[in-house]
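# Notes for the structure review
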Amino acid sequence: MTQNKELTIGLFGFGVVGEGIYKVLQQTPTLKAKIKKICIKHPEKLRDAPAELFTTNRNDILFDSTINVIVELIDDADAAFEIVSSALKQKIAVVSANKKMIAKHLAELLTLQQENNVSFLYEAAVGGSIPIIRNLEEYYDNDLLNSFSGIVNGSTNYILTKINEEGLDYNKALLQAQELGFAESNPALDVEGIDAVNKLTIVLKHAYGVTVNAETITHKGITFLHSDDAKYAAEKGYNIKLVANAKRISDDKIVAFVLPSFVDSTSQLFNIRNEYNGVLIGSKLADEQFLYGKGAGRYPTSSAVLSDIAALRYDYRYEYKKTFTGLTYNLTKDYLIRVFVSFNQKDNIDTSSFVEIEETYKSSKRNYIVGIIKISDLENANWFNNKDVSTIAFSTEVENQLKIKKLEHELVEE
Ligand code: HSE
């Protein structure tokens, strides 16, 4: 029989999601979970909750023996790690949505959970309301995962949708994403692809059991995109999406990268609009599956936090099963991908590291090439981080993969 404990919550943060959880819990009495204290940084702000709930002293929560759950929803990743580790050391269960903090401290957080035999849940950290982590943990426990690819950042998808469908200017679209509560308080994390990288790092742990330093994942956000790229996409019938990819390429190797990508209309990712997220999971037995839902915003994120809180009533814990299977994967960048690279006439780029160039276009203003390149060579190319050069990957078209396989084969033979 599962337990149905009463939960007394100490909440850290009363921002978009913190306030959402407060409101949702008030409307969900069946959950038997109540917030006892809320720790905030700026007491001067007007808040829509009784003043006696608030404190600025974290110890009012961390050392209150009646509090048996801590919900951490603050912005500062370092302060969040201090709070979470202090709670776990005291064997208090924690729910968090802090992707940056979790991605950075995955190994230590796992040790803390094991040493203290305590739950640490963070479904809201990846894909907002979509249950990705619990699916990877439970449903895909025994099935061999071949790939994970998807849209895991709501803000960038919102911006790309608004630019594409309404011709909105980038800055206006970003402002809207901020006003709607989708963006990080430092939106550079969204638009530069770092938030997606952090989420992919967490996925890699639950899908493959690997602990990766997020900073080493090849990535590019949407800030480099040029208006002519959208024209190319429209002509070819593609949508541009920021796609996070993880792929198992052999018994011990994984590739992972986040790049703006051309998605064709045969892909489920093609029609994902606004702040929605969607991920495709490729596995040996189930083949391809698609998970879809709102990836950002107050209530979708609160939904995932609430689900974690509810799971604590029966002491649910992630078991990190893939970490303990005995299979060990390493991240490799020795993998070919097909990319479109566009640049201004004057910035003519060095193409020597391409394995093959399929298409070249020159005009008085903007040039582009389409070609096949190794991820490591792409990342090391001196133009990869030039702000006037955009790099867009082609997502998984069948011909692409066949062609790349053929080239890989030829390279091995040489
Ligand atoms: N800034 C994030 C996003 C919030 O836009 O997806 C949800 O993780």
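Computed from a predicted model, the values in this text were never measured in an experiment.

## Observations regarding the pairing of strand β11 (residues 276-283)
Counting buried positions over the eight residues of β11 gives seven, a clear majority of the element. Note that strand β7 (residues 145-151) and β11 share six bridges and pair antiparallel. Residue pairing in the sheet places L145 in a bridge with S283 of β11. Here eight bridges tie β11 to strand β12 (residues 287-294), and the two strands are oriented antiparallel to one another. Among the inter-strand pairings, I281 is bridged to a residue of β12, identified as Q289. The loop that links β11 with its antiparallel partner β12 comprises three residues.

## Observations regarding the site of the ligand
Taken together, K99, N153, G154, S155, F182, A183, E184, D190, D195, K199, G295 and A296 make up the full set of residues near the ligand. Separating a nitrogen atom of the ligand from a side-chain N or O atom of E184 is a distance of 2.6 Å. Protein coverage of the free-state accessible area of the ligand, which is 260 Å², stands at 93%. Contributions of two or more residues to the shell around the ligand are made by α6 (154-166) and α9 (194-208).

## Concerning the domain arrangement of the protein
Per the domain assignment, the segments of the protein are domain 1 (7-122), domain 2 (132-331) and domain 3 (336-413). On a C-alpha basis, the centroid separation for the pair domain 1 and domain 2 is 25 Å. For the pair domain 1 and domain 2, the summed buried area comes to about 3,000 Å², and 70% of that belongs to carbon and sulfur atoms. A per-residue breakdown of the area domain 1 buries against domain 2 is headed by K99, L121 and Y122, which together make up 22% of the total. The interface formed by domain 1 and domain 2 contains three salt bridges. Residues E19 and R298 are paired through a salt bridge, measuring 3.4 Å at the closest nitrogen-oxygen approach. The interface formed by domain 1 and domain 2 includes 13 residue pairs in polar contact (both at pLDDT 80 or more).

## A closer look at the sheet that holds strand β5 (residues 93-96)
Strand order in the open sheet made by the six strands is β3-β2-β1-β4-β5-β6, with parallel pairing throughout. Looking along the sheet, the strands with just one partner apiece sit at the ends: β3 (54-55) and β6 (120-121). Relative to strand β2 (residues 33-39), strand β1 (residues 7-12) runs parallel, the two being bridged by six bridges. The residue bridging G10 from the neighbouring strand is K37, located in β2. Contacting β1, β2, β4 (69-72), β5 and β6, helix α11 (residues 298-312) crosses the sheet at an angle of about 165 degrees to β5.

Cut-offs applied
Residues numbered from 1 in each chain as written. Predicted model: local features only at pLDDT ≥ 70, side-chain atom pairs only at ≥ 80, totals over all residues. Heavy atoms only, no water. Buried < 20%, exposed > 50% of the residue type's maximum accessible area, 1.4 Å probe, protein only. Helix = DSSP H or I, 4+ residues; strand = E, 2+ residues; numbered from the N terminus. Pairing = 2+ DSSP bridges. Near = heavy atom within 4 Å. Polar contact = N/O pair within 3.5 Å; in protein donor to acceptor, adjacent residues only side chain to side chain. Areas by Shrake-Rupley, 256 points an atom, 1.4 Å probe, with all protein chains shown as cover. Domains from an automatic or database assignment. Buried area = accessible area lost by both parts, 1.4 Å probe. Salt bridge = Lys/Arg side-chain N within 4 Å of Asp/Glu carboxyl O. Contact = heavy atoms within 4.5 Å. Axes fitted to C-alpha atoms, helices over the stretch in contact; angles between N-to-C directions.

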